[in-house]
Amino acid sequence: MILKFSDNIFRQVVGIAAYNLKGIIAFTIIPIIAVVQHELEGIHHFTGFDLPIAPVTIVGGALAIFLGFRNNSAYDRWWEARKVWGSIVNTSRTLCSHVLTFPSSKHGNSDADAVKSWQASIIKRQIAWLYALKTTLRNQGEWEAVSKYLSSEEHERLMTRSNKPTHLLHHQNQAIAEAFEKEMIDSFRHVELSKMVEHLYSWQGMCERIKKTVFPHYYNYFTKVFLWLFIICLPFALAPIMEFMAIPMSIGISFIFYILDRSGETTEDPFEGRAADTPMSTITRAIEIDLLEMLGEENTPKPREVSLTKFGAAFQD
């Protein structure tokens, strides 16, 4: 997630231009061609490709509607993804706090070592689930962070499952049920811990829905069609009116619509690990540190540092 652009305005402009270079080249060449052919039309008295402004205005209005709908919907997906991960943070902390405080000798279990082992396994499996969910959503295929918090047997079994986060939550439920059977926790606390796992299932399902629900193809397709129809036609409508001033005016207007399209296109998939996406790695590391400190671990990892792009923009991944 981008925190801020570079403080250097020159680097901002260069960075924006570099990331949108192909589009800028395209809608710079088109108005030059339009103005040149209009000027040659006046010199050599031939009929050029000049357009009336009214149809182009109508296309621009239709394009604005498509861009507005797509960008609003894309932002809703991005914001929902961030809210879901905020809920994952809260539920993870609550689950582990309950795990550490619910067991009591009053419930008939006097084996303190068994209780501590159970607490550690639940908390470490929760951290493994966080990394498994992040890895699955980003299609990374890197499971080292997951294996670090699981036994070798459980990790081997996990690698045979298609949906690894779901399997880890199922194992959490099994461990909670076993604790109830061994009288580490009473029935009320058993239900409360099960509800926490149920909430995690819900947050995982929401993430999967955002990830797997493809944005309607026809909106993306026709937005692109209208965008480039507008970019191509605009300079041929402005050239008869503004002559050489049509070049910077066309470039400026085209750039605005082009950036709006790119913004929506980038925002609609918030789990890809790009600078504008949900910072799942940073969030996961923050929860990992919290849970390990709650468990009493001394050697905890450091928070992820803010990264910089080559053009000075600060972001967290």
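Just so it is clear, the structure is predicted and the values come from calculations on it, not from any experiment.

A. Highlighting the nonpolar core. Within the largest apolar cluster, 46 residues are counted, with the highest numbers of intra-cluster contacts made by Trp85, Ile88, Trp118, Trp129, Val146, Leu193 and Phe271. Of all the secondary-structure elements, those providing two or more residues to this core are helix 3 (53-101), helix 4 (112-138), helix 7 (164-181), helix 8 (187-212) and helix 11 (280-295). Considering each element in turn, this core owes the most residues, twelve residues, to helix 4. Formed by 20 residues, the second largest nonpolar core is a distinct cluster that contains Ile30, Leu234, Ala237 and Leu238.

B. Main features of the packing of helix 3 against helix 8. Remark: helix 3 packs on helix 8, axes separated minimally by 9 Å, with the N-to-C direction vectors making an angle of 160°. On the basis of their axis angle, the class for helix 3 and helix 8 is roughly antiparallel. Crossing of helix 3 against helix 8: the hand is left-handed.

C. Region of interest: the packing of aromatic side chains. All chains considered together, the criterion is met by nine aromatic pairs. Seen in terms of ring centroids, Phe27 and Tyr258 are 5.6 Å apart; in terms of plane orientation they differ by 65°. Their pairing is edge-to-face. In this pair, Phe27 is assigned in helix 2 (residues 21-44) and Tyr258 in helix 10 (residues 246-267), connecting sequence segments 231 residues apart. Among the residues examined, Tyr258 registers a relative accessible area of 9% and is labelled buried. Put simply, the rings of Phe27, Trp228, Phe255 and Tyr258 pair up and form one aromatic cluster. The ring of Trp143 has Lys164 sitting right over it, with the charged end atom 5.0 Å from the ring centre.

D. Quick peek at the pattern of salt bridges. Scanning the entire structure with this criterion turns up 16 salt bridges. Taking the shortest distance from any N to any O, the salt bridge between Arg125 and Glu154 comes out at 2.8 Å. Note that Arg125 is positioned in helix 4 and Glu154 in helix 6 (residues 152-158), a separation of 29 residues in sequence. Residue classification places Arg125 among the buried positions, given a relative accessible area of 6%. Three or more residues joined by partner-sharing salt bridges are found here, namely Arg70, Lys224, Asp261, Glu265 and Glu268.

Calculation notes
- Residues numbered from 1 in each chain as written.
- Predicted model: local features only at pLDDT ≥ 70, side-chain atom pairs only at ≥ 80, totals over all residues.
- Heavy atoms only, no water.
- Core = buried A, V, L, I, M, F, W, Y, C linked by side-chain atoms within 4.5 Å.
- Buried < 20%, exposed > 50% of the residue type's maximum accessible area, 1.4 Å probe, protein only.
- Helix = DSSP H or I, 4+ residues; strand = E, 2+ residues; numbered from the N terminus.
- Axes fitted to C-alpha atoms, helices over the stretch in contact; angles between N-to-C directions.
- Parallel < 35°, antiparallel > 145°, perpendicular 65-115°, else oblique.
- Left-handed = near helix turned anticlockwise from the far one by under 90°.
- Phe/Tyr/Trp six-rings, centres within 6.5 Å; stacked < 30°, edge-to-face > 60°.
- Lys NZ or Arg CZ within 6 Å of the ring centre and 35° of its normal.
- Salt bridge = Lys/Arg side-chain N within 4 Å of Asp/Glu carboxyl O.

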